[in-house]
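Each chain is listed here by its residues.
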Amino acid sequence: MGVLLLLAAVLSGGIQPPAGEFQAQWGIIGFASLEVLAWTIFFSLLLHGPLKAAILGVTASSFVTYFLLRPRIEGIAALEPRAAVLAIVPLPYAVMSPGPVTDTLGSLGDQKIIDVAGEGQHPEKGKLFFTTVRVQGGPGTRVTAYDLLGAALDDSRDVYPQDEIFPPSSTRESVQQENAAEMEGSQQTAAAVAERALGHDVPVSVLVAQVLKGSPSDGLIEADDVLVSVDGTPASSPEAVRTAVRAHKPGDEVSVTVRRAGSEVTVAPRAADTRGVATIGVVMSGRYQLPIPVTIHAGAVGGPSAGLMFSLGIYDVLTEGNLTGGASIAGTGTIADDGAVGPIGGIR
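Counting of residues starts from 1 at the beginning of each chain's written sequence and follows it residue by residue. This being a predicted model, a pLDDT of at least 70 is required before a residue's local features are given, and a value of 80 or more before pairs of side-chain atoms are given or counted; all residues contribute to the totals for chains, interfaces and linings. Calculation of side-chain values draws on the structure's entire complement of heavy atoms; hydrogens and water are dropped beforehand.

1. Re the sheet that holds strand S6 (residues 127–130)
- By definition, two strands form a pair when at least two bridges between them are found by DSSP. Only runs of H or I of at least four residues qualify as helices and only runs of E of at least two qualify as strands under DSSP, and these elements are numbered from the N terminus. What the three strands build is an open sheet, ordered S2-S6-S18; its pairing is mixed. Two strands close off the open sheet at either side, each with one partner strand: strand S2 (102–103) and strand S18 (328–331).
- Contacts between residues were defined by any pair of non-hydrogen atoms, one from each residue, lying within 4.5 Å. Axes here refer to lines fitted to C-alpha atoms; in helices the fit is confined to the stretch in contact. Angles between the N-to-C directions go from 0 to 180 degrees. Across the face of the sheet, helix H9 (residues 307–318) comes into contact with S6 and S18 while running at roughly 160° to S6.

Structure (structure tokens):
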């Protein structure tokens, strides 16, 4: 009860810094420390997260100190650097928030998002939007205490430890390359799933689109290798490869056979621990022989999360009638080679 009374007194302004000679720098700092404690308790009660609350408590106290107490306290300049530091120092967090939505049946500029070669394309009514998630933070970008404060006050934004979103060894360039490779792979898989749903035979081989720098496969597997098998299990799809790798525990050796320059090579990367899951650090994409060529122009969006909506859009374009019934529909989710829909990050 005493702590709550102290909290209420400080936040309401019932406790003020001492007057007279004690209004010097140490008196101001002492009061500011009390203020920090009060705000920390407040955010702890609000967010139920001590570490995050401590960061946000200091942030909030900086706002109060700078904007409310400054006009009334001489010597407040001694505390002003605290606000500047909190706006500059990066913190190991990532903030997820809603991104833009795009209609797969529409256009970007003068270019159709789904472009089907030949005479197979049918005009459509309605809209099939894919949603996106914007991520602030990670290699090469910065999240500050002020960003965390804004996220705490905005129900549409979520905060995660940076290592839960980005591998520790990743760089800004590797993240961009991985997102681009995943987007390209999701587009090809979406087209294959849609065309198979129409009765077409679509053969596939699994291509290594990227090898993550510093990963277990770095120096063993190369970009453009064709995956043949994992532990003797045929690499019939990217999902089959992931399943075979994840059957191991982090630290296990994984036997991987690839086709490179016409010859088969077998290597044994030691699986890394990625959020409790065994991984070998390669980004895969399906190399499909599509009976009906399809090109997708999605702009600067990366990642695999639009796969479901791309597949629905392609199927709608290749068939008569309107899959949407003329309505506007939004959705998200990855698409697997067998048509299974997978979850994505940032969705509640």
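2. Quick look at the nonpolar core
- With 27 residues, the main nonpolar core has Ile-114, Val-116, Leu-290, Val-294, Ile-296, Phe-310 and Ile-314 as its most contacted residues.
- Those elements that place two or more of their residues in this core are strand S5 (114–116), S6, helix H7 (172–197), strand S17 (294–296) and H9.
- When near neighbours in sequence (up to four residues on either side) are disregarded, Phe-310 contacts Thr-104, Ile-113, Ile-114, Phe-130, Met-183, Ser-186, Gln-187, Ala-190, Ile-296 and Ala-298.
- Take the buried Ala, Val, Leu, Ile, Met, Phe, Trp, Tyr and Cys residues and link them wherever side-chain atoms come within 4.5 Å; each set so joined is a nonpolar core. The rule is simple: take the accessible area with a 1.4 Å probe, protein chains only, and divide by the maximum for that residue type; under 20% is buried, over 50% is exposed, in between is partly exposed. In this structure, Ala-235, Val-254, Val-256 and Val-258 belong to the second largest nonpolar core, which totals 19 residues.

3. What to know about the pairing of strand S10 (residues 226–230)
- Burial within S10 is extensive, with four of its five residues counted as buried.
- Here strand S9 (residues 204–211) pairs with S10 via two bridges, running antiparallel. When the bridges of S10 are listed, Leu-207 appears paired with Val-226.
- Sheet topology places S10 next to strand S12 (residues 256–260); four bridges connect them, and they run antiparallel. Bridge pairing links Leu-227 to Val-258 in S12.
- Pairing geometry for S10 and strand S11 (residues 233–234), over two bridges, is antiparallel. When the bridges of S11 are listed, Ser-229 appears paired with Pro-234.
- Linking two consecutive strands that pair antiparallel, namely S10 and S11, is a turn of two residues; a positive phi of about 55° is found at Asp-231 within it.

4. Focus on H9
- Under the convention used throughout, the expected extent of a helix is 1.5 Å for every residue step, that is, one less than its residue count. When the terminal C-alpha atoms of H9 are compared, their 16 Å separation across twelve residues agrees well with the 16 Å that a helix rising 1.5 Å per residue should span.
- Here H9 has its buried residues at Gly-307, Leu-308, Met-309, Phe-310, Ser-311, Gly-313, Ile-314, Asp-316, Val-317 and Leu-318.

5. Quick word on the pattern of salt bridges
- Basic side-chain nitrogens of Lys or Arg form a salt bridge, by our definition, when they fall within 4 Å of a carboxyl oxygen of Asp or Glu. By the definition in use, this model includes six salt bridges.
- Across the pair Arg-196 and Asp-337 runs a salt bridge whose closest N-O atoms are separated by 3.0 Å. With Arg-196 in helix H7 and Asp-337 in the loop between strand S19 (334–335) and strand S20 (341–342), this residue pair connects regions lying 141 residues apart in the sequence.
- On the basis of relative accessible area, Asp-337 is assigned to the buried category, the value being 13%.

6. Section: the sheet that holds strand S7 (residues 133–136)
- With respect to topology, three strands assemble into an open sheet ordered S7-S1-S8, the strand pairing being antiparallel. If you trace the sheet from one side to the other, it starts and ends with S7 and strand S8 (158–161), each paired once. This sheet shows a mean twist of 30° between the axes of neighbouring strands, independent of strand direction.
- Here strand S1 (residues 93–98) pairs with S7 via four bridges, running antiparallel. Counted as the bridge partner of Met-96 is Val-135 from S7.

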